[in-house]
Amino acid sequence: MTYQSRYRSIWLIIPLIIITAGTINLGGCGVTQQTNLWADPSYHGTPMKNILVIAMNKDQLRRRMWEDAIVTAFSDKKHAVTVAVASYQLFPDNIPDTLTARLKTKEEGFDGVLLVAKIRLDTLMNNVPGYTTNEEVTTYSRRWGAYVTNYENVYHPGYAEIETFVSVRTDLLVPQEDGRLVWSVTSQSLDPTSASQFRSSVADRVVDRLKKGRFIY
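Since this is a predicted model, take the numbers as computed values, not measurements.

Overview of helix 4 (residues 195–212)
Here is step 1 of the chain: Counted at 1.5 Å a residue, the expected span for helix 4 with its 18 residues is 26 Å, and the 26 Å between its end C-alpha atoms agrees.
Here is step 2 of the chain: Phi turns positive one or two residues past the end of helix 4, at Arg214, with a value near 60 degrees.

What follows is the structure, given as structure tokens:
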């Protein structure tokens, strides 16, 4: 089974966080914002108590870092009741396939799963054009034996400005209802200051939104 087909299969079974990348327009660098918040108005289930976090990343180190960030966001909240578990604690070698994940959620009593899958990252180059200004220029005049100030046109050459755009979509599904999608939000950031801070920011905002929507305790 390919990485993409495994992702699509698990998507149909368990709650997930999907990380994608795309072009965005944000007001400041390193600031994480959220858009496209959606919740299924027909869903009236009780808040989830046990969440299994699965990061769909072939790089095992990055998989662990994303799962840890989400788990930490859950545990850092005051009076938190919902418990999150990183999947690498149960599946240390590989990402679980659909059947394995389904059996484990039932065996361990998980009523929700967050699946993290980074799809791509966009790097854009903006060409900033050059411009000319009229400025004071002071030079030494041998004729007058002194420094003379004149106004001259000074050209400032253009340059290339590289920006990184990251867009993170977070979807929540219910495993007991055949992977029903009940909640979604998109987190966006322009030039994150660091990968660690970006993961923490996304995780914190996602958990806050889930709590406000009463999807978790």
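Concerning the pattern of salt bridges
Here is step 1 of the chain: Under the definition given, this model contains six salt bridges.
Here is step 2 of the chain: Lys104 serves as the salt-bridge partner of Glu108, at 3.7 Å between the closest nitrogen and oxygen. Here Glu108 pairs with Lys104, and both are found in helix 3 (residues 98–108), just four residues apart, close to one helical turn.
Here is step 3 of the chain: For the salt bridge of Arg180 with Glu177, the shortest nitrogen-to-oxygen distance reads 2.8 Å.

Details of unusual backbone geometry
Here is step 1 of the chain: Here the phi dihedral of Asn36 falls at roughly 55 degrees; this positive angle occurs in a residue that is not glycine.
Here is step 2 of the chain: With respect to the element layout, Asn36 can be found in strand 2 (residues 32–39).
Here is step 3 of the chain: If you check the backbone angles, Arg214 has positive phi at about 60 degrees while not being a glycine.
Here is step 4 of the chain: Checked against the element boundaries, Arg214 lands in the segment after helix 4.
Here is step 5 of the chain: Overall, the relative accessible area of 60% leaves Arg214 in the exposed class.

Topic: the pairing of strand 4 (residues 83–86)
Consecutive residues of a regular strand have side chains that alternate between opposite faces of the sheet.
Here is step 1 of the chain: Burial of the side chains of strand 4 is restricted to one face: Ala84 and Ala86 are buried, whereas none of Val83 and Val85 on the reverse face is.
Here is step 2 of the chain: Judged from the four bridges that link them, strand 3 (residues 50–55) and strand 4 form a sheet pairing that is parallel. Residue pairing in the sheet places Asn50 in a bridge with Val83 of strand 4.

Things to note about the packing of aromatic side chains
Here is step 1 of the chain: As enumerated under the stated definition, the model contains four aromatic pairs in all.
Here is step 2 of the chain: Seen from their ring centres, Tyr43 and Phe215 are 5.8 Å apart, and the 10 degrees between their planes marks the pair as stacked. In this pair, Tyr43 sits in the loop between strand 2 and strand 3 while Phe215 sits in the segment after helix 4, placing the two residues 172 residues apart along the sequence.
Here is step 3 of the chain: Taking the relative accessible area as the measure of exposure, Phe215 reaches 6% and is therefore buried.

Focus on the side chain of Ser184
Here is step 1 of the chain: With respect to the helices, strands and loops of the structure, Ser184 is situated in strand 10 (residues 180–190).
Here is step 2 of the chain: According to the relative accessible area criterion, Ser184 is buried, its value standing at 9%.
Here is step 3 of the chain: A distance of 2.6 Å separates the side chain of Ser184 from the side chain of Asp171, its partner in a polar contact.
Here is step 4 of the chain: Sequence-distant contacts of Ser184, defined by excluding residues within four places in its chain, comprise Asn36, Leu37, Trp38, Arg169, Thr170 and Asp171.

A word on the environment of Thr123
Here is step 1 of the chain: Take Thr123: it is sitting in strand 6 (residues 122–128).
Here is step 2 of the chain: Spatially, the C-alpha atom of Thr123 lies 8.8 Å from that of Val166, the residues being 43 residues apart in sequence.
Here is step 3 of the chain: When near neighbours in sequence (up to four residues on either side) are disregarded, Thr123 contacts Ile162, Glu163 and Thr164.

Cut-offs and rules
- Residues numbered from 1 in each chain as written.
- Predicted model: local features only at pLDDT ≥ 70, side-chain atom pairs only at ≥ 80, totals over all residues.
- Heavy atoms only, no water.
- Helix = DSSP H or I, 4+ residues; strand = E, 2+ residues; numbered from the N terminus.
- Expected span 1.5 Å × (residues − 1).
- Salt bridge = Lys/Arg side-chain N within 4 Å of Asp/Glu carboxyl O.
- Buried < 20%, exposed > 50% of the residue type's maximum accessible area, 1.4 Å probe, protein only.
- Pairing = 2+ DSSP bridges.
- Phe/Tyr/Trp six-rings, centres within 6.5 Å; stacked < 30°, edge-to-face > 60°.
- Polar contact = N/O pair within 3.5 Å; in protein donor to acceptor, adjacent residues only side chain to side chain.
- Contact = heavy atoms within 4.5 Å.

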